[in-house]
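This is what each chain is made of:
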Amino acid sequence: MQNYIDYHQLMEMEKQERVNLVNSLGGFKSVCLIGTKNKNEQLNLAVFSSIMHIGANPPLMGIIFRPGVVERHTLENIIETEFFTINHLNEAIFKPAHQTSARYDRTISEFDESGLTPEYKNEFFAPFVKESKIQLGMQFKQRIDLEINNTILVIAEIKQVYFPADCQSKDGYLDIEKANTITCSGLDSYHKTIRLDRLSYAKPDKELTSIPIHYIE
């Protein structure tokens, strides 16, 4: 038995019910903490599940920001300073990470409120999250305003990468599951993962094979 909901039924739903349902339909998502700092040295930390891969040459990632009905401290800091960090969530920090979604005043640091630790590396302007095992230093490159729903796509370039030494394969693949990175669905459901397989590049008339992972020693 399957439920069926059409567009008109979706739009007639109570707002939060519709938000919860539609946010679940895209499947499991990347969930990370974005660390920023403004020119007045005020720190900000916020959890995001709208981060996506854009390209590898140059190495780009994108983030969707919702309409600016309320203050968007993360977006404002990125535009003002150009620099921010992306920090993977792991099982040990997902609860304090979720707390950063609360709407704190600009003068209050979510690092302080969540108990997470700001960390500075190699003179990078923005703070990393010390408890995160995979950390990216990013630089703002482009802002695209999406007229269809007034959201904003921010595209940024990867400038620094930090990860556990025993999690990278010799072919470059990074085993984020081994690093204890978790995922999410909807707005508030967090999940661990189990890899089923790593498969060969698909070609016509060629059988798929498993790719063994040989970690760099």
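Residues numbered from 1 in each chain as written. Predicted model: local features only at pLDDT ≥ 70, side-chain atom pairs only at ≥ 80, totals over all residues. Heavy atoms only, no water.

Chemist: Let's hear about the sheet that holds strand β3 (residues 43-48): which residues, and what values?
Modeler: Hydrogen bonding along the main chain pairs the strands of a sheet, whether they run parallel or antiparallel. Strand order in the open sheet formed by seven strands is β3-β2-β6-β9-β10-β5-β4, with antiparallel pairing between adjacent strands. Since the sheet does not close on itself, it has two edges, and those belong to β3 and β4 (51-56), each with one partner. In this sheet, adjacent strand axes meet at a mean angle of 35° when their direction is disregarded. In terms of strand pairing, strand β2 (residues 32-37) meets β3 through six bridges, oriented antiparallel. Bridge pairing in β3 places Lys37 opposite Leu43. Across the sheet, helix α3 (residues 73-81) is in contact with β2, β3, β5 (59-65), β6 (83-88), β9 (135-146) and β10 (151-162); its angle to β2 comes to roughly 50°. (Pairing = 2+ DSSP bridges. Helix = DSSP H or I, 4+ residues; strand = E, 2+ residues; numbered from the N terminus. Axes fitted to C-alpha atoms, helices over the stretch in contact; angles between N-to-C directions. Contact = heavy atoms within 4.5 Å.)

Chemist: Please provide a residue-by-residue account of the state of the cysteines, values included.
Modeler: All told, the structure shown has zero disulfides when counted by the stated rule. Cys167 takes part in no disulfide bond, and the closest cysteine sulfur to it belongs to Cys32, at a distance of 15 Å. (Disulfide = S-S within 2.5 Å.)

Chemist: Quick one: what's the story with the pairing of β9, residue by residue and with numbers?
Modeler: Pairing geometry for β6 and β9, over five bridges, is antiparallel. In the strand pairing of β9, Ile86 is matched with Leu136. Note: β9 against β10, 11 bridges, orientation antiparallel. When the sheet's bridge partners are listed, Asp145 is paired in β10 with Ile152. What sits between the antiparallel neighbours β9 and β10 is a turn of four residues, in which Asn150 has the positive phi angle 65°.

Chemist: So what about the layout of surface pockets? Which residues, and what values?
Modeler: The probe, sized like a water molecule, is rolled over the atoms to show the empty space still left. Quantified by volume, the largest pocket comes out at close to 1800 Å³. If you trace the largest pocket, you find 46 residues lining it, with Phe65, Arg66, Arg72, Arg103 and Leu187 closest to the centre. Among the secondary structure elements, those contributing two or more residues to the lining of the largest pocket are α2 (15-25), β3, β4, β5, α3 and β12 (189-191). It is α2 that provides the largest number of residues to the lining of the largest pocket, a total of seven residues. Class assignment for the residues of the lining of the largest pocket results in 19 nonpolar, 16 polar and 11 charged. Size it by volume and the second largest pocket reaches roughly 610 Å³. Forming the boundary of the second largest pocket are 27 residues, of which Met61, His88, Leu136, Leu174 and Ile176 lie nearest the centre. Taken together, the elements giving at least two residues each to the lining of the second largest pocket come down to β1 (29-30), β4, β5, β6 and β10. Counted by class, the lining of the second largest pocket contains 16 nonpolar, seven polar and four charged residues. (1 Å grid on protein atoms, 1.4 Å probe; cavity = no way out; pocket = protein on both sides within 12 Å on 5 of 7 lines; lining within 4 Å. Points joined across faces, edges and corners; volume = space filled by probe spheres on them. Nonpolar A, V, L, I, M, F, W, Y, C, P; charged D, E, K, R; others polar.)

Purely geometric numbers; function is a separate question.
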